[in-house]
Structures are given as C-alpha cells and as structure tokens.
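Take a look at the letters that make up each chain.
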Amino acid sequence: MTLPVTIIMIEDDEGHARLIERNIRRSGVNNEIIPFTNGTDAVTYLFGPDGSGFVHKGQALLILLDLNLPDMTGIDILRQVKENKFLKSAPVVILTTTDDSQEIKRCYELGCNVYITKPVNYESFANAIRQLGLFFSVIQVPPTA
C-alpha cells in the first residue's frame with residue numbers, strides 16, 4: 001500500500017505560493033500541501049519538538065524548497081534534511097529564481113532531487129508548475145526512515 005504523500009512547500013513569496021498550489025491542483029494532484037513562508041517555521045515542523053525529525057518517521061514527504069528565504073537559506077534547510085536519518089529519503093525539489101550554475105551544482109551535491117528555475121514569465125511559470133504536478137502524480141516517494 002502506498003502512503004499518501006504530504007507536500008511541504010517552503011516559499012516566502014505569497015504570489016508564487018498561490019501560483020504553485022493552484023497549478024499543482026490543476027494538474028490533478030490533490031495531496032495535502034503544508035505551506036511555510038520562512039525557514040524557521042519549516043525547520044520546526046520538519047524536525048519536530050525534539051529536533052530529531054522522528055515526528056515524521058514512516059511518513060511520505062515531498063519538500064518544495066525556495067532557496068531565497070527571509071530568515072535562512074534553502075541550502076541550509078536542504079543540508080539539514082539530507083543529513084537527518086529520518087528525513088534524508090524525502091525528495092527535495094528546489095524551486096527558485098536562482099539559476100547560478102555553482103548554486104545548482106551545490107544543491108545536487110547536497111542531495112536535492114530536482115532543481116527548477118522559476119520562469120520569469122507568468123504563463124511559463126504556471127506551465128512549469130503544472131508539469132511539476134504531473135511529475136508528482138507519477139513518482140514514487142519512499143516513507144521516511
């Protein structure tokens with residue numbers, strides 16, 4: 001039996017967050033989406049009250065992560081998730097405006113699964129997210145350790 005996948009969306013731009021959720025829904029993905037507008041709240045949720053990540057043991061999580069957050073970098077969150085024994089198997093999709101090749105390389109080296117640069121054009125952005133939603137509908141997400 002496949003566990004329902006919870007999508008954790010860490011995106012500080014409210015307009016982008018609405019656009020992402022709307023277009024994921026348009027692609028037919030009805031999974032729960034838990035939004036966070038800053039890294040601190042997202043990290044608190046992901047790692048739980050004891051900071052171990054055990055709170056999500058056995059759950060299927062998929063993390064949508066912006067790199068440019070007001071209180072910490074997405075790189076820091078990615079590193080913490082991929083170094084955590086309970087969360088490291090959760091796929092992390094970087095969805096950001098940053099298209100610097102060094103930053104992209106760094107994210108993959110730290111364990112991100114997909115890196116997507118947000119298109120500047122609204123329609124292109126919406127289309128990219130719909131395609132991402134279709135991708136979500138077919139990938140297999142393992143439960144956390």
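Since we're looking at a predicted model, the values are computed, not measured.

This paragraph deals with the packing of aromatic side chains. The description of an aromatic ring pair uses the distance of the two centres, along with the angle that the planes make with each other. A complete count under the given rule lists two aromatic pairs for this structure. With centroids separated by 5.4 Å and ring planes inclined at 80 degrees, the aromatic side chains of Phe54 and Phe86 adopt a geometry described as edge-to-face. You can see Phe54 sitting in the loop between helix 2 (39–47) and strand 3 (60–65) and its partner Phe86 sitting in the loop between helix 3 (74–83) and strand 4 (92–96), a full 32 residues away along the chain. Since its relative accessible area comes to 46%, Phe54 is described here as partly exposed.

Relative to the helices and strands, Ile10 resides in strand 1 (residues 5–10). Sequence-wise, Ile10 and Val141 are 131 residues apart; in three dimensions their C-alpha atoms are separated by 18 Å. When residues no more than four places from it in sequence are discounted, the contact partners of Ile10 are Phe36, Asn38, Ala42, Leu46, Ile63, Leu64, Leu65, Asp66, Leu69 and Ile77.

Moving on: the side chain of Thr6. For Thr6, the location among the structural elements is in strand 1. Judged by its relative accessible area of 14%, Thr6 is buried. When near neighbours in sequence (up to four residues on either side) are disregarded, Thr6 contacts Glu32, Ile34, Ala60, Leu61 and Leu62.

Criteria and thresholds
- Residues numbered from 1 in each chain as written.
- Predicted model: local features only at pLDDT ≥ 70, side-chain atom pairs only at ≥ 80, totals over all residues.
- Heavy atoms only, no water.
- Phe/Tyr/Trp six-rings, centres within 6.5 Å; stacked < 30°, edge-to-face > 60°.
- Helix = DSSP H or I, 4+ residues; strand = E, 2+ residues; numbered from the N terminus.
- Buried < 20%, exposed > 50% of the residue type's maximum accessible area, 1.4 Å probe, protein only.
- Contact = heavy atoms within 4.5 Å.

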